[in-house]
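# Secondary and tertiary structure notes
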Amino acid sequence: MPPVRPRKLAKVPFVELADGRLQGVVSSGSDIGRVYVSSIAAGTHAYNCSTNNNRPCGGLYGAPCKHLQALAAEAVLQYGLDRVARYLRVEVPEGAGLIGCLDGSHEPAPAAMVFSRFLRHLAYLEVPDTTMPIPELHWFPAEGTVG
Amino acid sequence: MLAVQLTALLGGEPQGTAEALALVHGFDEALVHGLGRLAEERAEALDALAGAFAATPIGERLAEAAAKVASGSIAEEHLTALAGGRAALLGAVHDALLAGLDAALERERAPWQAAPAPEADGAGNPMTDAGNPAAGARSWLRELAIAGWRGVDHDLVSAVDQTVEGLLAVPEQRRLAVLLDGLAAELRACCPVGTMDRLPVRRWADLWTRALLLAQGGAAGAPQSAGTVSGRLLILGVDVHEHGTAVQFQVHGVLEPADGGRARLVRAAVTVAKVDTITGPATWKLPNRHRMLLAALADRRSLDLTDMPLLDSGDLVWHDDRAVVGGPADPFTTARLTLTGALAPAAPPLDRHPVGIAEPVLVEGYRVTGDGSFDLGGAVLDVDAGRLPACGPLTPQLVAGSSACVGLVRWDGGRWLLQPLAVQATVKRQTVEAGTGDWALGPTDPKVVKAEARAGDAVAVLRERAGRLLRR
Ligand SMILES: [Zn+2]
């Protein structure tokens, strides 16, 4: 399993390829307490964007909003274009951008589940460290720099 | 490590290794296709595994387990027995390999002394308590075994999420939590496993086996307290382990007891939880409350310990407030002066698996071959460049240009390997030294500092998000 590549997290703190979707959380540019949950389905490329309280994103005018564009761009940084394109089942010609090659339309998708996965993700940062040895981690050597 | 020692080490694998591994492989193949529908040859493989223990106290239990599983009645106790048999075979391989390594290095190892059996705790007995996350782990591992790796899908993988959350909340279950989380993430990334060309068959069976044994509850076979120690800790280097949600910094060193007793090889580890987007040099920010340990690593200094708890596995249980940074201590000097006479620790029974072999050595006077191996007077030791962590300055190029190396001897894929922890190299006629812990207080290479600044502070961003969103 290739390790993910480091990227700036300020705008899009969470991206994952899971549950048959590219999904993630985009921080609002204007309100630090608000986040958007954005997702693109594999195969159909149906997309959705809403606040974590399920209010529809105002930027969806028949095309992916800036949050979805940011999500796609950061996913490519994190996983590489090949892996994201393969997961979404989309052909991306050389030199083209991922988001422009998607041909889905807006369809409602569950935001609550993605948001709770994000909270679960964040909860790892609150697990206290331990100084008891964990011999099992010898099966997981730290990998060298990628790329 | 001298040429003659390396020659002795490479002299051939211990007798019985191939036979033991063949029995293990038979069991592992059964796990690929699932115990739920066991073809005849796989049932025979389970019989063979059990047969190897026929003359031992666990022979009868294993024979019964193999027969029951073959007949389709797959209870947790049967799986536990088979996992125990598989672990015992690899434990024997571990013991034989380590004995060979000790003999080659002329390294003396403390004998294992079994601690008295821990008292049964009726109230929290994990065997009966259905709400216990360890019970959830056993039940998930049973489902995996029945489905087989080929039958693993997203739903089966996700079924362990809550168990992992529960285990992470219990400090005593950290080993199991970290292991299950790593296994689940690998399986998730491979879903649906049925369509994969090649599977890491041995590896996943290793992880499954260890998880099932750890999920039994109780402390049998785990390291026990060996009191406290005071003295000077001289660091040899740091070994870094990492998966998406955990990183372990394991320091290897030599402890010189304050009472003038014999020097001993010890380790000290810090494991922190993280997420996959925190990686490379940024991971050093996570253990930042252990300032003394990090400073000693980054500045190549010794540490003066007072009443530091020690386990009988040779692991210090690090308390940063019981350590003070001491004078300069170069790992090469430490290795030259102290490695030969230091007493090595015994491995606790549960940890005896070849993957756990990581013996510190000093290698010098070698010629680097075309494929990056070290040729020591005709005996060739392969270098494990895949274990150079991205959080430090060691690169395959630096290792290939080196003239001396402090590293860990490992055994993987049927051969001995050297994992570098620090190297000395000559660059523009100057001797330079680089080690895996050099960036413990932050990267020192301006190019890396710049790249880190560009990427922003992932740890700070996520901590801010957690602070704002988690408790609403
Ligand atoms: Zn939006």
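What this report covers is the structure whose coordinates are included nearby. Keep in mind the model is a prediction, meaning the values are calculated, not measured. (Residues numbered from 1 in each chain as written. Chains lettered and ligands numbered in written order. Predicted model: local features only at pLDDT ≥ 70, side-chain atom pairs only at ≥ 80, totals over all residues. Heavy atoms only, no water.)

## A word on the sheet that holds strand E4 (residues 47–51) of chain A
Residue and element names in this part refer to chain A.
- Strand order across the open sheet formed by four strands is E1-E2-E3-E4, with antiparallel pairing between neighbours. Either end of the sheet is taken by a strand with one partner, and the two such strands are strand E1 (14–18) and E4. Sheet twist, expressed as the average angle between the axes of neighbouring strands with direction ignored, equals 15°.
- Note that strand E2 (residues 21–27) and strand E3 (residues 35–41) share seven bridges and pair antiparallel. Of the residues in E3, the one forming a bridge with Arg-21 is Ala-41. (Pairing = 2+ DSSP bridges. Helix = DSSP H or I, 4+ residues; strand = E, 2+ residues; numbered from the N terminus. Axes fitted to C-alpha atoms, helices over the stretch in contact; angles between N-to-C directions.)

## As for the environment of B:Val170
All names here are of chain B.
- Locating Val-170 in the fold gives a position in the loop between helix H8 (161–168) and helix H9 (174–189).
- The class of Val-170 is partly exposed, set by a relative accessible area of 28%.
- Note: C-alpha distance between Val-170 and Val-93 (77 residues apart in sequence) is 32 Å. (Buried < 20%, exposed > 50% of the residue type's maximum accessible area, 1.4 Å probe, protein only.)

## Some details on the interface of chain A and chain B
- On the side of chain B, 69 residues touch chain A, which itself brings 46 residues to the contact.
- Buried surface at the junction of chain A and chain B, summed over both partners, amounts to about 5,400 Å²; 62% is from carbon and sulfur atoms.
- Sorting the residues of chain A by area buried against chain B places A:His138, A:Trp139 and A:Phe140 first, and these three jointly supply 16% of that buried surface.
- The tally of links from chain A across to chain B stands at five salt bridges.
- Where B:Glu165 meets A:Arg120, a salt bridge forms, and the shortest distance between an N and an O atom there is 2.9 Å. (Contact = heavy atoms within 4.5 Å. Buried area = accessible area lost by both parts, 1.4 Å probe. Salt bridge = Lys/Arg side-chain N within 4 Å of Asp/Glu carboxyl O.)

## Some thoughts on the nonpolar core
- If you look at the biggest cluster of nonpolar residues, it comprises 149 residues, and the most contacted ones within it are B:Trp140, B:Leu144, B:Trp149, B:Leu180, B:Trp208, B:Leu316 and B:Trp318.
- Split by domain, this core shows at least three residues from each of two domains, domain 1 (119–220) and domain 2 (225–338) of chain B.
- Among residues more than four places away in sequence, those in contact with B:Trp318 are A:Thr131, B:Leu233, B:Ala268, B:His290, B:Leu293, B:Leu303, B:Leu305, B:Met308 and B:Ala323.
- Residues A:Leu22, A:Cys49, A:Val92 and A:Leu102 belong to the second largest nonpolar core, which totals 26 residues. (Core = buried A, V, L, I, M, F, W, Y, C linked by side-chain atoms within 4.5 Å. Domains from an automatic or database assignment.)

## Some points on the coordination of the zinc ion
Residues and elements named next belong to chain A.
- For the zinc ion, the full set of protein donor atoms is Cys-49 (SG), Cys-57 (SG), Cys-65 (SG) and His-67 (ND1), and the range of their distances to it is 2.1 to 2.4 Å.
- Read from N- to C-terminus, the donor residues coordinating the zinc ion fall into the pattern C-x7-C-x7-C-x1-H.
- Judged by relative accessible area, which is 3%, Cys-65 ranks as buried. (Donors = N, O, S within 2.8 Å, 3.2 Å for Na, K, Ca; no water.)

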